[in-house]
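The chain contents come next:
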Amino acid sequence: MKYLNFKNTSIIMGALFLMCSFSAFSQEELKGKVSDFLTFMPIESASVYVDGSTTGTITNADGKFSLRVPKELVNDTLVISSIGYKSYRVLVSEFDPAMDISLEEDTASLDEVLIVAETRPKTGNDIVLRAIEKLEDNLPEQPYLQKGFLRHKERNTKEYKWLIESAITLYDSSYASGAKKNLKINVDETRKSYDLREVDSLYAYYTYLKYTIPGFNTKSKALKRDTIKTQTLIDAIRWNDTRTNGLDLLFRGRLNLVRNAVDKGAIFGKDVLASHHFKLDTVQVINDRKIYKIAISKGVDFVGLDTDGVYNEGFEPNGWIYIYWDSFAIKKIEYNLVAASAKQKARSKSLLGTYENHKLVITYMEYQDKMYPNYMYYETPKLLNLGDRSSDAWQKTKEQLAKEKEEQFYYAVQEILFTDIIQEPELIAEALANKEWNEDVFLPRPYNEEFWENYNVLLESEEEDKLIKDLSRRASLFKE
């Protein structure tokens, strides 16, 4: 196993760096493409990993992947799997990058599953409740460190405005402990950081004043760009970034559906059936194991995220949850929150132009009989400007109004790929003794080329690659 070295630390750097450097210059890079055997269509988010290890990645929207494998694992088996398909297996040393991998569909009989022992749950609701009951058995019960790669991007309807790519480390004390106090995150390195968002976000500035200045009267302030200092606007935007798109919301909040199911008011808590209905759809197969595919739909109550300073209530859920037949371990969740209450519908349509407010995907990998986070995808529209609501707005041309609408909000996306797991108590204790844990992904950091040469990252799709190159070009011109 390759261990992560933390930059600018005094206690743990020596121990972890030596272990990391042992394999840093002895890796083999595997590249390939995964597609459906019958349709030839690329398979996105297929798992690509070395069996029995935590070294792995996933395929991008084009079905392509890139994986750096330590030399000590070259005689182990590379596994490529996706729910509903037969897995592909080959020795790492025998992998042929010139050959595309085609996966064949593989399903189980729903009838066969439902007629087994009477004690097994047979409805979607009962299966999900059993899975939640089994979380304490299926999730890690001991502290661990996990390293990962984060890609944070924001775009309007046409182009990227902002991109950050970082290496992060997660510490979790156990599923049974509350995440607020027992989960830590550190941003170790940053390799790309382009920010070309317009520094004129009057909405961010307005909100910044409202929540940071006691007694601020929101109705008496006529905001105009030429009356506000640029640095003040930057401070407001950074404050809004941390508030709405920081890692805290994703990991310690209700969006971490499985990990935080023990928290008070959790979405997947004891009252989950009040706001959700689960219907068994099919039984599929992954790695020769049966897995339930269960549809998520609305219950009686609305779902809310209880976000400080943001109206994140009044949603109804939809999506899918995949649960192993044998262990009731949750393998994957595809989860959307759509505006449903009258207040949330009015807010979403007027300010964001969409009813879909939150899109979340979480997958898990099994390691030593426990399920660890493997991949997270979170997408949400982010309001930037309130738009022209003056009495003479009607005088503007359609082109002017369309331009304002285009810049009114961005789509913000966070993707995280987790790989290596560190369980050794002495290394965990050393990491916790470090006083420099910092989860601020927006903090500028110097580029460490040597670090990134041997670090597993998410491979960009062809479309993403074009948009990122365009963003980097525009960033260079902006600096000039």
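Residues numbered from 1 in each chain as written. Predicted model: local features only at pLDDT ≥ 70, side-chain atom pairs only at ≥ 80, totals over all residues. Heavy atoms only, no water.

Engineer: Account for the overall build of the protein, naming residues and giving values.
Structural biologist: Scanning the protein from N- to C-terminus turns up 14 helices and 17 strands. With 480 residues in all, the protein has 53% of them scored as buried. Look at the contacts in the protein between residues 6 or more apart in sequence, and 69% of them connect residues 24 or more apart. In the structure as shown, the protein presents an accessible area of about 22900 Å², 51% of it carried by carbon and sulfur atoms. (Helix = DSSP H or I, 4+ residues; strand = E, 2+ residues; numbered from the N terminus. Buried < 20%, exposed > 50% of the residue type's maximum accessible area, 1.4 Å probe, protein only. Contact = heavy atoms within 4.5 Å. Areas by Shrake-Rupley, 256 points an atom, 1.4 Å probe, with all protein chains shown as cover.)

Engineer: Hey, could you go over the sheet that holds strand β11 (residues 276–286) for me, with residue numbers and the actual values?
Structural biologist: Strands sit in the order β10-β9-β8-β17-β16-β15-β14-β13-β12-β11 across an open sheet of ten strands; the sheet is antiparallel. Edge positions in the open sheet fall to β10 (183–195) and β11, since each of these has one partner strand only. Taken pair by pair, the neighbouring strands of this sheet meet at an average axis angle of 15°, ignoring direction. Relative to strand β12 (residues 289–298), β11 runs antiparallel, the two being bridged by ten bridges. Looking across to β12, one finds that Val283 is bridged to Tyr292. Contacting β11, β12, β13 (315–324) and β14 (330–339), helix α3 (residues 124–133) runs over the sheet at an angle of about 80° to β11. (Pairing = 2+ DSSP bridges. Axes fitted to C-alpha atoms, helices over the stretch in contact; angles between N-to-C directions.)

Engineer: Now, about the side chain of Thr354: what can you tell me, with residues and values included?
Structural biologist: For Thr354, the position within the fold is in the loop between α10 (342–352) and β15 (356–367). Judged by its relative accessible area of 17%, Thr354 is buried. There is a polar contact of 3.1 Å between the side chain of Thr354 and the backbone nitrogen of Glu356. Contact partners of Thr354, with chain neighbours within four places excluded, come to Ser348, Lys349 and Pro381. (Polar contact = N/O pair within 3.5 Å; in protein donor to acceptor, adjacent residues only side chain to side chain.)

Engineer: Quick one: what's the story with empty space enclosed by the protein, residue by residue and with numbers?
Structural biologist: The final tally for this structure, using the stated rule, is four cavities of 30 Å³ or more. The space that makes up the largest cavity amounts to roughly 160 Å³. Together, 17 residues line the largest cavity, and Tyr144, Asp172, Arg259, Tyr364 and Pro373 are the ones closest to its centre. Mapped onto the lining of the largest cavity, the elements with two or more residues apiece are β9 (160–172), β15 and β16 (370–383). A per-element tally of the lining of the largest cavity places β16 first, with three residues. For the lining of the largest cavity, the residue count by class is 13 nonpolar, two polar and two charged. (1 Å grid on protein atoms, 1.4 Å probe; cavity = no way out; pocket = protein on both sides within 12 Å on 5 of 7 lines; lining within 4 Å. Points joined across faces, edges and corners; volume = space filled by probe spheres on them. Nonpolar A, V, L, I, M, F, W, Y, C, P; charged D, E, K, R; others polar.)

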